[in-house]
Amino acid sequence: MSPTARRTPGRAKVHLANPQALLLPYQARWIADEARLKLIEKSRQVGMSYATAYACVERTGAAGARHDQWVSSRDEMQARLFIEDARAWARAMGRAAQDLGEVLIDDEPNRRHSAYVLQFANGRRIHSMSSNPDAQAGKRGGRVLDEFALHPDPRKLWAIAYPGITWGGSLEIISTHRGSRNFFNTLVREVREARNPKGISLHRVTLQDALDQGFLHVLQRALPPDDERQAMDEAEYFDWVRRGCADEESFRQEYMCEPADDESAFLEYDLIAACEYAAHEPWAEREAGPLYAGIDIGRKHDLTVLWVLERLGDVYYTRHIEALRGMPKSDQERVLWPWVERCVRTCIDATGLGIGWADDAQRRFGAARVEAVTFTARVKEELAYPVRGAFEDRKLRIPYDPQVRADLRSISKVTTAAGNVRFAAERSASGHADRFWALALALHAGATQRPIYDYQSLARRRWAPEQELLPWHEHQS
């Protein structure tokens, strides 16, 4: 199964020596490993969950199989997709299997959990669940923890899942990294740096590893003939993926198995991930709570960002994010002012160019509804810490979005030689921590404490928008 260089569909230069092979070499090695505990740190979208579904079908559907399989996925959508892959493998392997759909697996007070279930002729089942660790409790059989690092509490998930293999079965962990402090990286470092006390069999596949073993050839065979990736070789595809990432840190982590450095960032990945909506959750849907907005005004190269929160109880739910670039002020106002009109209170960046924006907003909506905030070192510190506090207390929900995550990660806290605290961010093509500061302003708008910047109230005049609200997207010039 060694890759060879030969002519292939598309422009891929590397593919398998056996064109009929169902699995790439790194997938085959993972499946062949029968270790009781095994872990793979992997690039995104290189087919490891798909290969693991094959392994689950192979061992669960075999005659005389002794164990069920319990699969924990990042969210409900991924749980369904895993069962779909398993069902497809069962058909390909000639294994009789019945898709039972969603089945209640726990029905006790304060503990109701369900799973998507595939049952084989031998009576054994694959149960695919979302990320709630408590659903693993009391179950016996093999464990698959997919996208382990993305779970809200990986350490708890391990603690509950591990005892389930006491009477047999294996525990498999599959994940991309999510920061250097994540428990997933702790397990990887134990293997590499602490003499592997748990006896984990460690695998690793980066995007480059996958390309070197025929991944692009397999991908191009599955793509439509007119897909732009058909014209790429491995080096061009690698660069194409890299350019599409939110920033270099995201690329190194998501595709090259290098955990992001949580020591230098103000917000660790675990904090952010714990407050993200599920990938396919309709997070823009409103209930009946009050709305609060923050607006960070872009300069020549930065974005103007609006962040809208709905407060329900003591939790703030993100309902809208608007990122504007290269638009005249009048065009930006047509997008932003209708949202300000809907919000109970808005805090707006009144630094430099923002002074005029804040004045105009207060004239339209009144100083009681619009607070002008001038960014100074002290003000930034007072705005930043409540953001971290909201993440730590899990009183904030944000979209599952790579641009948002990269922007939040870009803020670092720097202590100067004089002992002063400064919040800094590198400027990139996607902004200058503009989303972070818009979120900070929105949280301040919803807070009850005294404003951190005094302003002079102006006469209120309501804004009568001429256009309907635009959908969430980035406007590019």
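Residues numbered from 1 in each chain as written. Predicted model: local features only at pLDDT ≥ 70, side-chain atom pairs only at ≥ 80, totals over all residues. Heavy atoms only, no water.

## Brief notes about the overall build of the chain
Put simply, the rule is: Only runs of H or I of at least four residues qualify as helices and only runs of E of at least two qualify as strands under DSSP, and these elements are numbered from the N terminus. The classification of residues rests on relative accessible area computed with a 1.4 Å probe and restricted to protein chains. Under 20% of the type maximum is buried, over 50% is exposed, and intermediate values are partly exposed. Every residue pair with non-hydrogen atoms within 4.5 Å of one another is taken to be in contact. Throughout, the Shrake-Rupley method with a 1.4 Å probe supplies accessible areas, and for residues the shown protein chains are the sole cover considered.
The secondary structure content of the chain amounts to 15 helices and 19 strands. Across the 477 residues that make up the chain, the buried fraction comes to 52%. Residue pairs in contact within the chain that sit at least 24 positions apart in sequence constitute 69% of those at least 6 positions apart. Accessible surface for the chain amounts to roughly 21,700 Å². Of this, 48% is attributable to carbon and sulfur atoms.

## A short note on the packing of aromatic side chains
This is how the line gets drawn: Classification of ring pairs rests on two measures: the distance between centres of Phe, Tyr or Trp rings, Trp counted by its six-membered ring, which must be within 6.5 Å, and the angle between planes, read as stacked under 30 degrees, edge-to-face over 60 and tilted in between. Working rule: Lys NZ or Arg CZ, within 6 Å of ring centre, within 35 degrees of ring normal, means a charge sits over the ring.
Applying the stated criterion to the full structure yields 18 aromatic pairs. Ring centres 6.5 Å apart and planes at 70° place the aromatic pair Tyr 292 and Tyr 316 in the edge-to-face group. Of the two residues, Tyr 292 is situated in strand β11 (residues 291–296) and Tyr 316 in strand β13 (residues 315–324); the sequence distance between them amounts to 24 residues. Pairwise contacts between aromatic rings join Phe 148, Trp 158, Tyr 162, Phe 183 and Phe 184 into one cluster. The cationic tip of Lys 139 hangs over the ring face of Trp 70; the distance from NZ or CZ to the ring centre is 5.7 Å. Over the face of the ring belonging to Tyr 400 we find Arg 405, whose NZ or CZ atom lies 5.0 Å from the ring centre.

## Focus: the side chain of Glu 234
Note the cut-off: In this tally, Asp and Glu contribute negative charge and Lys and Arg positive charge; neither His nor the terminal groups of the chain are included. Salt-bridge detection follows one rule: a side-chain nitrogen of Lys or Arg within 4 Å of a carboxyl oxygen of Asp or Glu.
Within the secondary structure, Glu 234 is located in helix α8 (residues 234–244). Of the side chains bearing the opposite charge, Lys 13 lies closest to the buried Glu 234, which forms no salt bridge; the N-O distance is 6.1 Å. In contact with Glu 234, not counting residues within four places along its chain, are Ala 12, Lys 13, Val 14, Leu 211 and Leu 216.

## Looking at the confidence of the model for the chain
Predicted coordinates in regions of low pLDDT should not be interpreted in detail. The test is simple: pLDDT is defined as a per-residue confidence score from the predictor, taking values between 0 and 100.
In the predicted model, the chain carries a mean pLDDT of 87, and 87% of its residues have values of at least 70. pLDDT under 50 marks residues 4–8. Its contacts with residues more than four places away, or in other chains, come to twelve contacts. Between residues 449–477, whose pLDDT stays under 50, and residues either more than four places distant or in other chains, the model counts 77 contacts.

## Describing α8
To keep things clear, this is the line we draw: In this description, the arc belongs to the directions extending from the helix axis to the C-beta atoms. Pairs of N or O atoms are called polar contacts if they sit within 3.5 Å, as long as, within protein, a hydrogen donor faces a hydrogen acceptor (for residues adjacent in sequence, only side-chain-to-side-chain pairs).
Inspection of α8 places Glu 234, Tyr 237, Phe 238 and Val 241 among the buried residues, and these make up the whole buried set. Considered in projection along α8, the buried side chains sweep an arc of 105° and stay on one side of the axis. Where α8 is buried, its residues meet β2 (14–16), α6 (207–212), α7 (215–222) and α9 (248–256). N-capping of α8 is provided by Asp 233, with a side-chain oxygen placed 3.2 Å from the backbone N of Ala 235.

## Here's the deal with the pairing of strand β8 (residues 142–146)
Heads up, the condition is: Strands are labelled as partners when DSSP assigns at least two bridges between them. The handedness rule is simple: strands pointing away from the viewer, and a clockwise path from the first strand over the helix to the second, make the crossover right-handed.
Within β8, five of the five residues are buried, leaving the element largely enclosed by the surrounding structure. Burial of β8 is two-sided: the residues Gly 142, Val 144 and Asp 146 facing one way and the residues Arg 143 and Leu 145 facing the other way are all buried. Examined bridge by bridge, strand β4 (residues 69–72) and β8 share four bridges and lie parallel to one another. Across the sheet, Val 71 pairs through a bridge with Val 144, a residue of β8. As paired elements, β8 and strand β9 (residues 171–175) share four bridges and run parallel to each other. Looking across to β9, one finds that Asp 146 is bridged to Ile 174. The parallel pair β8 and β9, bridged by helix α4 (residues 154–161), forms a crossover whose chirality is right-handed.

## Quick look at the packing of helix α14 (residues 402–409) against helix α15 (residues 434–446)
Our working rule: Angular values range over 0 to 180 degrees, each being the angle between N-to-C directions of two axes fitted as lines to C-alpha atoms, with helices fitted over their stretch in contact. An angle counts as roughly parallel when it lies under 35 degrees, as roughly antiparallel when it exceeds 145, as roughly perpendicular when it falls between 65 and 115, and as oblique in every other case. Amino acids outside the nonpolar list (Ala, Val, Leu, Ile, Met, Phe, Trp, Tyr, Cys, Pro) and the charged list (Asp, Glu, Lys, Arg) are all regarded as polar, and Gly is one of them.
Where α14 contacts α15, the two axes come as close as 7 Å, and the packing angle between them is 85°. In terms of orientation, α14 lies roughly perpendicular with respect to α15. Mapping the contact onto sequence places Gln 403, Val 404, Asp 407 and Leu 408 in α14 and Asp 434, Arg 435, Phe 436 and Leu 439 in α15. Residue composition of the contact of α14 with α15, grouped by class: four nonpolar, one polar and three charged.

## With respect to the pattern of salt bridges
Under the definition given, this model contains 34 salt bridges. Ionic pairing is found between Arg 87 and Asp 99, a salt bridge with its closest N-O pair at 2.3 Å. Residue Arg 87 is found in helix α3 (residues 76–93), and its partner Asp 99 is found in strand β5 (residues 97–108); the two are separated by twelve residues along the sequence. Note on Arg 87: relative accessible area 28%, which makes it partly exposed.

## Topic: the nonpolar core
Selection rule: By nonpolar core we mean a set of buried residues, namely Ala, Val, Leu, Ile, Met, Phe, Trp, Tyr and Cys, connected to one another through side-chain atoms within 4.5 Å.
Core analysis: the largest hydrophobic core is formed by 46 residues, its most contacted members being Tyr 26, Met 48, Ile 126, Leu 207, Phe 215, Tyr 237 and Phe 251. Of all the elements in the fold, those that place two or more residues in this core are α1 (25–32), α2 (48–60), α3, β6 (111–120), α6, α7, α8 and α9. Among the elements that take part in this core, α2 stands out by supplying seven residues, more than any other.

## Describing the environment of Lys 139
Mapped onto the elements of the fold, Lys 139 is located in the loop between β7 (125–129) and β8. Residue classification places Lys 139 among the buried residues on the basis of a relative accessible area of 8%. Note: C-alpha distance between Lys 139 and Ala 161 (22 residues apart in sequence) is 8.4 Å. Once residues lying within four places of it in the same chain are set aside, the contact partners of Lys 139 are Trp 70, Ile 105, Asp 106, Arg 111 and Gly 164. A polar contact is formed between the side chain of Lys 139 and the backbone oxygen of Ala 137, at a distance of 3.1 Å.

## Some thoughts on unusual backbone geometry
Positioned with a positive phi, Asn 196 is a non-glycine residue whose angle comes to about 50°. Examined against the element boundaries, Asn 196 turns out to sit in the loop between α5 (183–193) and β10 (201–205). On the basis of relative accessibility, which here comes to 22%, the residue Asn 196 falls in the partly exposed class. Phi at Cys 257 is positive, roughly 60°, even though this residue is not glycine. By the element assignment, Cys 257 lies in the loop between α9 and α10 (269–274).

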